[in-house]
Amino acid sequence: PEKPVFTPPVDYEIATMWADSIVNLMTIDEKISFIGGDRIFFTTAIPRLNIPAVMMTDATQGVHLREQFHQYKYEKVLPKSTAFPSPILLASTWNRSLARQYAQAIGEECKAGGIAILLGPGMNIYRISQCGRNFEYFGEDPFLASRMIENYVTGLQSTGTIATLKHFVANNSDFFRR
């Protein structure tokens, strides 16, 4: 039996009103600082409003571990993480329930590492076989990919970890990741 679609812990209208009330209290400098981030892979803390810094990490097939990034060291580092099979292998199962469980396991690792936001899943459609980021995607079939990603997001967010859908379209080729 198929599980119900993810239900957020707070109603969308209430969450929107709460977020708007906080944004209205922020100065323009705080707003700019907040969207710019801090210490690579963190949002900017705003102590005046009790807004903590929030950690993010890259991933689609598991938590990308970083002990440091350039000059920045992280407070809470996972000693190891699971390298899950690539999403194309997950998609080849056509098993939406497995996609949910796969992402839920990733979300549990995020929680263990204090990671609130996962910069994934990647959801571009395979168009060029040499694309350097194909390892992050779920294949060339838009229907299959969308159903797998839908369940991935639901599984991930069931742990309280925020999914960030990325690479929607036209990220098909790169030259030294540019």
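Residues numbered from 1 in each chain as written. Predicted model: local features only at pLDDT ≥ 70, side-chain atom pairs only at ≥ 80, totals over all residues. Heavy atoms only, no water.

S.K.: Provide a residue-level description of the sheet that holds strand β4 (residues 117–119), including the pertinent values.
M.R.: Taken together, three strands build an open sheet; the order of strands is β1-β4-β5 and the sheet is parallel. Strands at the two margins of the open sheet, each flanked by one partner only, are β1 (56–58) and β5 (162–163). (Pairing = 2+ DSSP bridges. Helix = DSSP H or I, 4+ residues; strand = E, 2+ residues; numbered from the N terminus.)

S.K.: Hey, could you go over the packing of helix α4 (residues 96–112) against helix α5 (residues 142–157) for me, with residue numbers and the actual values?
M.R.: Where α4 contacts α5, the two axes come as close as 7 Å, and the packing angle between them is 40°. Relative to α5, the crossing made by α4 is right-handed. Across from R96, A99, R100, Y102, A103, Q104, I106 and G107 in α4, the residues of α5 making contact are R147, M148, N151, Y152, T154, G155 and L156. The residue inventory of the contact of α4 with α5, partitioned by class, reads seven nonpolar, five polar and three charged. (Axes fitted to C-alpha atoms, helices over the stretch in contact; angles between N-to-C directions. Left-handed = near helix turned anticlockwise from the far one by under 90°. Contact = heavy atoms within 4.5 Å. Nonpolar A, V, L, I, M, F, W, Y, C, P; charged D, E, K, R; others polar.)

S.K.: Account for the nonpolar core, with residues named and values stated.
M.R.: Counting residues in hydrophobic clusters, the biggest one holds 25 residues, and the most contacted among them are I106, L118, F138, M148, Y152 and L156. Contributions of two or more residues to this core are made by α3 (87–92), α4 and α5. For this core, the element with the highest residue contribution is α5, accounting for seven residues. Here F138 is in contact with T60, P87, I88, L90, A91, P121, G122, Y126, A145, M148, I149 and Y152, once residues within four sequence places are set aside. (Core = buried A, V, L, I, M, F, W, Y, C linked by side-chain atoms within 4.5 Å. Buried < 20%, exposed > 50% of the residue type's maximum accessible area, 1.4 Å probe, protein only.)

S.K.: Could you give me a rundown of the layout of surface pockets, with the residues and numbers involved?
M.R.: Within this model, the largest pocket holds a volume of roughly 450 Å³. Taken together, 15 residues make up the lining of the largest pocket; nearest its centre are W18, A19, I22, F34 and I51. If you list the elements that add at least two residues to the lining of the largest pocket, you get α1 (12–25) and α2 (28–36). A per-element tally of the lining of the largest pocket places α1 first, with five residues. A class-by-class count of the residues in the lining of the largest pocket yields 12 nonpolar, two polar and one charged. (1 Å grid on protein atoms, 1.4 Å probe; cavity = no way out; pocket = protein on both sides within 12 Å on 5 of 7 lines; lining within 4 Å. Points joined across faces, edges and corners; volume = space filled by probe spheres on them.)

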